Structures are given as C-alpha cells and as structure tokens.
Amino acid sequence: MAIRFDDRVAIVTGAGGGLGREHALALARRGAKVVVNDLGGARDGSGGSATAAESVVAEIVAAGGEAMANAASVTDVAAVQAMVDAAMTKWGRVDILVNNAGVLRDKTFAKMELEDFRFVMDVHLMGAVHCTKAVWDIMRERNYGRIVMTTSSSGLYGNFGQSNYGAAKMALVGLMQTLSIEGAKNDIRVNCLAPTAHTRMTEDLGARLPLDLLGPDTVSPGLLHLVSEDAPSRCILTAGAGGFERAYVTLTQGIRAVGDDAPEQVAARFAEISDRTGEIIPDMGAAQGMIELTKAQQALG
C-alpha cells in the first residue's frame, strides 16, 4: 500500500536546502501540509534569512501542495512555540516533526573553543528538544505523533574533528530512546535517521565521495517510512545512496567479578566481557541492572 500523508501536518526544521528540503518536498508530494522551517543562516549557524524556506514553499505550492515558511531558530524557545502555534492556527494539528536543523563547527578537540562546542549542542540537541516539547502535548492529546531525530554516523561511531557534532548526534539517540518509551501509550513513535548525503554540510568531503550517488533524495524514502502511520518506534535507521540499514545499541552477557582482585579479573577476562555471543538489545536501561543482579544472585544462590 502506498504511503500517504493526506490531512497530516508536518514540521521539518532546517528544510531550506539539502536533506530537509528533500524531506519537505517528499512529504508534500504524498499529501502532507508542511511547515518549512529554516533560519537561512550559514553552515556554521551565523546569519539568517527566510528566503531559503520561502523558496521551498514556492516549490511545494507550484506542485499543488500546501506549505508555510518559518524562519525561527530552533535555539529560540519562544520562536519555536510561535511556529507551532502558527501551524495549529492554520491547520489545527501537528502530526509529524522532523528534527533536521543542524550546524557544523568542526575542529579537533584540542583546538575547539568551548563556545563552538556549546553552540553545536544547542542547535542539534536543544533545538530538537525545543521543537519536540512544543508539539508533545498536542500529539499526546490527539494520541498520534511521529517524530524523527537526525543522528549521524559521527555520533554513532565517531569522526575526527567532530567531537561537538558527534556528542550532539549521539545525545539525540538517548533522547529518542526515552521519548519512544514515554510516548508509546499515546501512539507517539520516535525514531532516529542517520543519513549519508551530499549537502552543504558535507561539501568539504566532496573530493572523497561519489557525489552522484549521494543525493538527499536517496535518504528521504527512509524518512517517509519513519513518519508514516505504520512507522516503527525506537529505530536507528541509517541511509545513503539508496542503502538502508539499522544500527543498534547492544549489551553483552559479560561476566561477574568481585573481591580485591576484581580489577585484575576485569582485565584478564576482558575478551569474555566483550564476547557478543548472546548479546541483547535492551527494552530499557533497567535491563543492564537486571543482568548484573542476576549474575550476583546466581553466584550467591
């Protein structure tokens, strides 16, 4: 069955170009009314203009869709709330939130200013928090919501020169894990998308990437599934060049080590601790404690 979004209202942040633009266009093509949010600043977050968002809205309207432009910074709580209020006034609902807005201020950790670390965290992590908080009660009251956090392989696996970006992107996974648990009873499904695409954000890597294969349009099909009526929840979907994979945070069975020589036991048996045989994907954080307590009870029993 075709994925459709007729009568659904979606907010896409950072949608003036790149991935966000493609997400907004893809949602609109399948019937969604779209709030196209973009500060219109430079890649490092400086400056601002509504022109980029207005251009995408014009594309959507020209194709017969409905959209509205918004130039709020996701770091501005009041501006984010005003954006959500405008969507509610115009369309009376918000069903989908795509937290896509982001910036880059890459440097090695040794050379990075703390302000650049803090700003990247504010945009990626707190920006997603602000937007999600602004729609959360709306979705709870309607017993329906679809939210996507944009994470990254830089957060999941690390990348040289991106300690700020990687920290922010991994933090979004933690946010998704808890919100998916808390939102379940109201059918609010929360997922992460980790894209690989050629956009303004990745242009410095251009010489090393086959750019013709890495269009943002190859990622958006995964986004559409993650915000559809039949979406999963608590999924980390990776996507790029038409490839789609899932990433997991897993837990090994490990060992139990107690006593004065416990540090030496941990060192001597580290390969056993690392053995992935029988590893699990915990339903929630308490699973770790349960595994550890079970080991202790078995040893004492």
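Only a predicted model underlies this, so the values are computations on that prediction, with no experimental measurement involved.

Enquirer: Give me the lowdown on the pairing of strand β5 (residues 145–150), citing residues and values where you can.
Expert: For β5, the tally of buried residues reaches six of six residues, placing the bulk of the element in the interior. In β5, alternate side chains face the same way, and those of Gly-145, Ile-147 and Met-149 on one face and Arg-146, Val-148 and Thr-150 on the other are all buried. Taking the sense of rotation as the criterion, the β-α-β connection linking strand β4 (residues 96–99), helix α4 (residues 114–142) and β5 turns out right-handed. Here β5 runs beside strand β6 (residues 188–196); their pairing, made up of six bridges, is parallel. Bridged to Arg-146 within β6 is Arg-189.

Enquirer: I'd like to hear about the nonpolar core, residue by residue, with values.
Expert: Counting 42 residues, the largest nonpolar core has Ile-11, Ile-147, Met-149 and Val-190 as the members making the most contacts within it. Counting residues per element, the ones that place at least two in this core are β1 (9–12), α3 (77–91), α4, β5, α6 (163–183) and β6. Top contributing element to this core by residue count: α4, with twelve residues. With residues up to four places along the chain from it excluded, the contact list for Ile-147 reads Leu-97, Asn-99, Thr-132, Trp-136, Met-139, Ile-188, Arg-189, Val-190 and Asn-191. Counting 31 residues, the second-largest nonpolar core is a separate cluster that includes Leu-19, Val-34, Val-56 and Leu-223.

Enquirer: Any chance you could break down the pattern of salt bridges for me, citing the residues and the numbers?
Expert: The full count for this structure, using the stated rule, is 13 salt bridges. Here Arg-29 and Glu-22 are joined by a salt bridge, their closest N and O atoms 3.1 Å apart. For Arg-269, the salt bridge is made with Glu-272, and the minimal N-O distance between the two is 2.9 Å.

What counts, and at which threshold
- Residues numbered from 1 in each chain as written.
- Predicted model: local features only at pLDDT ≥ 70, side-chain atom pairs only at ≥ 80, totals over all residues.
- Heavy atoms only, no water.
- Buried < 20%, exposed > 50% of the residue type's maximum accessible area, 1.4 Å probe, protein only.
- Helix = DSSP H or I, 4+ residues; strand = E, 2+ residues; numbered from the N terminus.
- Right-handed = clockwise from strand over helix to strand, strands pointing away.
- Pairing = 2+ DSSP bridges.
- Core = buried A, V, L, I, M, F, W, Y, C linked by side-chain atoms within 4.5 Å.
- Contact = heavy atoms within 4.5 Å.
- Salt bridge = Lys/Arg side-chain N within 4 Å of Asp/Glu carboxyl O.

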